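# Breakdown of the fold
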Amino acid sequence: MRYIAGASVLDFSPSLLFPRRNLGAGRRRLMTSANSRSLPRDGIISVEEWRRWGPVSPLPAAVKQIVEDLKVLECKLDSPIEFGGNGGKLQGPFGAYEDKKHRATYEALDDPEKKFRFFSARQIACRLLGSRGYLCQKCWLAMEDCMCSYVKPCGLWKRIRFWLYMHPRDFLRQNNTGKLLWQIFGVQSATLCVFGIAEDEEIMWNEFKRAGKSQVRCLYPNHNSEVTFSVKDAFGSSASEDPGSSTTDEDKTLHFILLDGTWNNSAAMLKRLKDHAKSVWGDEDLPCISLATGASAMHKLRPQPSWDRTCTAAAAIGLLSELSLLPQLSSYELDKQADAVEEALVILLDSLTGRRLRMGRSITRKGRNTISMC
């Protein structure tokens, strides 16, 4: 991810400059070229394959339809589907023809919601197909850089559930850090919801409606809102009920939404959440949590617009760390859960840094006006 709000207990690790291990070195790349990848001939995305990438939803109908349309078009043109670069970008004669076709389809849609859902589904479909055999389905890194064997699973306190509300352009990005949360805590404790995918959003909002608005928070420095609180203000009152006091009532679970997209995209993502909240609860102002300012180690590799903005994993670390300081939550080992995410983030940074060094690329980059929130 790229994320929104936050503080981090991370310091810059020496391993960023001197990687401690060669993650996956010597593994055979399954594709013939990193810049020219051909789709396996079946072209079918199964529910099992979809869920191995991280989602818990059924295979989205719109994504399935686009994949089928691509295969029909491939047969019609007698030109193979080829992908190259990052994000499953279509290449070659097929890509040029399909680009015109999908633009015409998009323009023909008269409903903004339909346009948005079509855009999201096509992004996901192309990324799924373009990443086959190239990226590990668990860590989203190139096969030779797979870090899965180094990540240690950890149980998340049962009264917390993270929702990774991810922009489709960040789906399957190798430097995304939000994916670490379900790698560590499992998909039922840290659940992926792709922005604009109906099946994902329905699952998430069904859970929110069941839990109630008082149990839902969005991690976002929404300073213009009257319902933006610090962790201490939101949960630190001496009169606050201990969310863990009930051992049977699942509605006591605290649901935290982490916006996983670029900072430019985050405003649209937050607006969609607020619009949906208004339709469900009659109030568009979702309670937001703003974490203490601080820098993530990810700033070293992916600079942010400012030092108080950080990546998704570091935001989760900051939240768990701040919650662990509250007296009524001190016994739930949230600090250890934060440490587990911190360790995984360092492993991801080692892998990404090692890859850049092997490719002869710099491991530091100057800040840009438009930047992704890993």
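Bear in mind the structure is a predicted one, so any value in this text is a computation, not a measurement.

## Some thoughts on the pairing of strand β5 (residues 190–194)
Extensive coverage of β5 is indicated by the burial of 5 of its 5 residues. Going residue by residue along β5, you find Ala190, Leu192 and Val194 tucked away on one face and Thr191 and Cys193 tucked away on the opposite face as well. With 5 bridges joining them, strand β4 (residues 160–166) and β5 adopt parallel strand pairing. Paired with Trp163 across the two strands is Thr191, which belongs to β5.

## Overview of unusual backbone geometry
Its identity as a non-glycine residue notwithstanding, Leu172 has a phi of 70°, on the positive side. Topologically, Leu172 is positioned in the loop between β4 and α5 (179–185). Among the residues examined, Leu172 registers a relative accessible area of 6% and is labelled buried. Here Glu333, not a glycine, exhibits a phi torsion of approximately 55°, which is positive. Inspection of the secondary structure assignment puts Glu333 in the loop between α9 (312–324) and α10 (334–358). Taking relative accessible area as the criterion, Glu333 reaches 43% and is therefore assigned partly exposed.

## With respect to the packing of helix α3 (residues 92–108) against helix α4 (residues 112–131)
Running from N to C, α3 and α4 cross one another at 155°; their axes reach a closest spacing of 9 Å. With respect to each other, α3 and α4 are oriented roughly antiparallel. Only Lys115, Phe118, Phe119 and Arg122 of α4 make contact with α3, whose side of the interface consists of Glu98, His102, Thr105, Tyr106 and Glu107.

## What about the pairing of β4?
With 7 of its 7 residues buried, β4 lies for the most part within the structure. Burial along β4 is two-sided: the residues Ile160, Phe162, Leu164 and Met166 and Arg161, Trp163 and Tyr165 are all buried. Pairing of β4 with strand β8 (residues 254–260), which is carried by 7 bridges, proceeds in the parallel orientation. Residue pairing across strands places Trp163 opposite Ile257, the latter belonging to β8.

## A look at the packing of helix α2 (residues 61–77) against α4
Contact geometry for α2 and α4: axes closest at 8 Å, N-to-C directions at 60°. Taken as axis vectors, α2 and α4 run oblique relative to one another. Here α2 runs over α4; the crossing is right-handed. Of α4, the residues touching α2 (which contributes Ala62, Val63, Ile66, Val67 and Leu70) are Phe118, Ala121, Arg122, Ile124, Ala125, Leu128 and Leu129. Looking at the contact of α2 with α4 residue by residue, the classes come out as 11 nonpolar, no polar and 1 charged.

## A short note on the pattern of salt bridges
Scanning all chains against the criterion turns up 18 salt bridges. Linking Asp285 and Lys274 is a salt bridge whose minimum nitrogen-to-oxygen distance equals 4.0 Å. Pair noted here: Asp285 is in the loop between α8 (263–281) and β9 (288–289) and Lys274 is in helix α8, with a separation of 11 residues, a long-range link. We note a salt bridge from Lys336 to Glu333, for which the minimum N-O separation is 3.3 Å. A single network of salt bridges, built from pairs that share partners, joins Glu113, Arg117, Glu201 and Arg272.

## Observations regarding the nonpolar core
The tendency in soluble globular proteins is for nonpolar side chains to be buried as a group. Counting residues in hydrophobic clusters, the biggest one holds 78 residues, and the most contacted among them are Phe162, Phe171 and Leu323. At 10 residues, α10 tops the list of elements feeding residues into this core. Contacts of Phe171, omitting those with residues within four sequence positions, involve Trp50, Trp53, Ile124, Arg127, Leu128, Trp140, Met166, Leu192 and Val194. By size, the runner-up hydrophobic cluster in this structure holds 19 residues, among which are Tyr165, Phe195, Trp205 and Tyr220.

## With respect to the confidence of the model for the protein
Averaged over every residue, the pLDDT of the protein is 81; the share at 70 or more is 75%. Note that pLDDT drops below 50 for residues 1–40; the model gives that stretch 155 contacts with residues more than four away or on any other chain.

## Quick word on the environment of Tyr134
You can see Tyr134 is positioned in the loop between α4 and β4. In the structure, Tyr134 is positioned 10 residues away from Glu144 in sequence and 9.0 Å away in space, judged by C-alpha atoms. Within polar-contact distance, the side chain of Tyr134 engages the side chain of Arg355 at 3.3 Å.

Thresholds applied
- Residues numbered from 1 in each chain as written.
- Predicted model: local features only at pLDDT ≥ 70, side-chain atom pairs only at ≥ 80, totals over all residues.
- Heavy atoms only, no water.
- Buried < 20%, exposed > 50% of the residue type's maximum accessible area, 1.4 Å probe, protein only.
- Helix = DSSP H or I, 4+ residues; strand = E, 2+ residues; numbered from the N terminus.
- Pairing = 2+ DSSP bridges.
- Axes fitted to C-alpha atoms, helices over the stretch in contact; angles between N-to-C directions.
- Parallel < 35°, antiparallel > 145°, perpendicular 65-115°, else oblique.
- Contact = heavy atoms within 4.5 Å.
- Left-handed = near helix turned anticlockwise from the far one by under 90°.
- Nonpolar A, V, L, I, M, F, W, Y, C, P; charged D, E, K, R; others polar.
- Salt bridge = Lys/Arg side-chain N within 4 Å of Asp/Glu carboxyl O.
- Core = buried A, V, L, I, M, F, W, Y, C linked by side-chain atoms within 4.5 Å.
- pLDDT = per-residue confidence, 0-100.
- Polar contact = N/O pair within 3.5 Å; in protein donor to acceptor, adjacent residues only side chain to side chain.

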